[in-house]
Amino acid sequence: MNKAVRTVLAQRSPMRDIVPVTVGLAAGGLLFREHRIRAKTERLGAATLETLLNAIDANDAVTGAHVRRVATYALILGEAAGFDERTLHSIERVALFHDVGKLHEALTDIFHDPSKLTPEERRAVMTHPQRGAEVLAPLSAFYPDLGKGVAAHHERWDGTGYPRGIRGKRIPLTARVVAIADSFDAITHRRRYSRARSFSEAVQAITEGRATQFDPELVDLFLTPAVLRKIERAMRQANAPQRKRRTRRHGEKKPGPDITFRWRQRSNGPRAQDPRP
Ligand SMILES: [Fe+2]
């Protein structure tokens, strides 16, 4: 080391060593704080949505179970399509809240009345996507796609759906995915005027809706053997608790958990494993 360098080093003030360390610590502290605030905000978002889901359950357990199954099927399809995590979260939220508009006071009685719908009641039922979007409007600053997806879940690929009659890719992607999952679940469960149909009958109905009711590319993906296998397995799993509840009346096993609400794991930290099949 030459003399000039030694002189400079000897003249270094202790402050010159301390300042970079202090700045580094402050930056690290800020980053840590930002990370904690973001994690807390995510947990708050998850808790808010979960509270809303609990409210749906409390009001109408049948709809609560339906939306969970729809979310499961929609995510199977979305993951098969290779959508990124952000899009999958969006699909999941639209699936879980697509029918929240049915809980509106003006529609509750109509949805629970087993008699045939009058034309006026049918028109009222058709307002549920828009009513749902209105319920979710306060969340639009955080989840801008949620209301739009919910409002469009009864639109059809050929433009004959409701409420706006939009067609093709003008229908939000989330709504196109959820429409397939929603119809599949509606067909495989008993409704007001129809019995629950089998897995293969539901697959046939989805096939027939290709390019009329549903996005043809998404239908093609839905019909691949790998996706159908996962959907069938999820359907069996979703129906399993009902069978267990029946046996419980005879003093046997307790019911198993319903389909796992995935962001419960996410909000508590990293996912240990994917709970879905
Ligand atoms: Fe609906």
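See the structure printed just above.
Computed from a predicted structure; not experimentally measured.

Topic: the pattern of salt bridges
Working definition: two side chains of opposite charge can pair if their charged atoms are close together.
Point 1. Scanning the model with the defined rule gives eight salt bridges in all.
Point 2. Salt-bridge contacts for Arg 68 lead to Asp 57; the nearest nitrogen and oxygen are separated by 3.0 Å. You can see Arg 68 sitting in helix α3 (residues 61-80) and its partner Asp 57 sitting in helix α2 (residues 14-59), a full eleven residues away along the chain.
Point 3. Of the charged contacts, one joins Asp 185 and Arg 69 as a salt bridge, the two residues approaching to 2.5 Å between their closest N and O atoms. You can see Asp 185 sitting in helix α9 (residues 173-187) and its partner Arg 69 sitting in helix α3, a full 116 residues away along the chain.

Regarding the coordination of the iron ion
Point 1. Protein coordination of the iron ion is provided by Asp 99 (OD), His 128 (NE2), His 153 (NE2) and His 154 (NE2), with donor distances spanning 2.3 Å.
Point 2. Coordination of the iron ion draws on donor residues from a single chain, spaced D-x28-H-x24-H-H in sequence. With His 128 in helix α7 (residues 128-136) and His 153 in the loop between α8 (144-151) and α9, this pair connects stretches of sequence that are 25 residues apart.
Point 3. Given the relative accessible area of 2%, His 128 is considered buried.
Point 4. A relative accessible area of 2% means that His 153 is categorised as buried.

Some points on the packing of α7 against α8
Point 1. Running from N to C, α7 and α8 point in directions that differ by 165°, and their axes come no closer than 7 Å. Taken together, the axes of α7 and α8 are roughly antiparallel relative to one another. Between α7 and α8 lies a crossing whose hand is right-handed. Two secondary-structure elements touch here, α7 through Pro 129, Gln 130, Gly 132, Ala 133 and Leu 136 and α8 through Leu 146, Gly 147, Val 150 and Ala 151.

So, a positive patch on the surface
Point 1. Residues Arg 229, Lys 230, Arg 233 and Arg 236 make up a contiguous surface patch of positive charge.
Point 2. Along the chain, the position of Lys 230 falls in helix α12 (residues 225-248).

Some details on the packing of aromatic side chains
Point 1. By the definition in use, this model includes three aromatic pairs.
Point 2. An aromatic cluster of at least three residues, connected via ring pairs, comprises Tyr 73, Phe 184, Phe 199 and Phe 222.

Some details on helix α10 (residues 199-208)
Point 1. Every buried residue of α10 is listed here: Phe 199, Ala 202, Val 203 and Ile 206. The arc that holds the buried residues of α10, viewed along the axis, is 100°, so those residues lie on one side. Exposed positions of α10 whose direction lies more than 90 degrees from the buried face are Ser 200 and Glu 208.

Definitions and limits used
- Within each chain, residue numbers correspond to sequence positions counted from 1 in written order.
- The model is predicted, so local features are restricted to residues of pLDDT at least 70 and side-chain atom pairs to those at 80 or more, both for listing and for counting; the totals for chains, interfaces and linings are taken over all residues.
- Hydrogens and water are ignored here; the side-chain numbers use all heavy atoms of the structure.
- Think of a salt bridge as a Lys or Arg side-chain nitrogen and an Asp or Glu carboxyl oxygen that are within 4 Å of each other.
- Only DSSP runs of H or I reaching four residues or more are called helices, and only runs of E reaching two or more are called strands; each is numbered from the N terminus.
- Coordination here is defined by N, O and S atoms within 2.8 Å of the metal (3.2 Å for Na, K and Ca), and since water is not considered, a site can look incomplete.
- Each residue is assigned to one of three classes by its accessible area relative to the maximum for its type, calculated with a 1.4 Å probe on protein chains only: buried under 20%, partly exposed between the two thresholds, exposed over 50%.
- Here, axes are lines fitted to C-alpha atoms. For helices the fit covers the stretch in contact, and angles between N-to-C directions go from 0 to 180 degrees.
- By the definition adopted for this analysis, an angle is roughly parallel if under 35 degrees, roughly antiparallel if over 145, roughly perpendicular if from 65 to 115, and oblique otherwise.
- Take the far helix as your reference; a near helix turned counterclockwise from it by less than a right angle gives a left-handed crossing, and one turned clockwise gives a right-handed crossing.
- Every residue pair with non-hydrogen atoms within 4.5 Å of one another is taken to be in contact.
- What makes a patch is a set of residues exposed beyond 30% relative accessible area and free of salt bridges, joined within 9 Å when like-charged and within 5 Å when nonpolar (Val, Leu, Ile, Met, Phe, Trp, Tyr).
- All accessible areas in this document rest on Shrake-Rupley with a 1.4 Å probe, and a residue is counted as covered only by the protein chains that are shown.
- Positive charges come from Lys and Arg, negative ones from Asp and Glu, while His and the chain ends are left out of the count.
- Here the site of a charge means atom NZ of a Lys, CZ of an Arg, CG of an Asp or CD of a Glu.
- Ring geometry is summarised as follows: Phe, Tyr and Trp rings, the Trp one being its six-membered ring, pair when their centres sit within 6.5 Å, and such pairs are stacked at plane angles under 30 degrees, edge-to-face over 60 and tilted between the two.
- By definition, the arc is the one covered by directions from the helix axis to the C-beta atoms.

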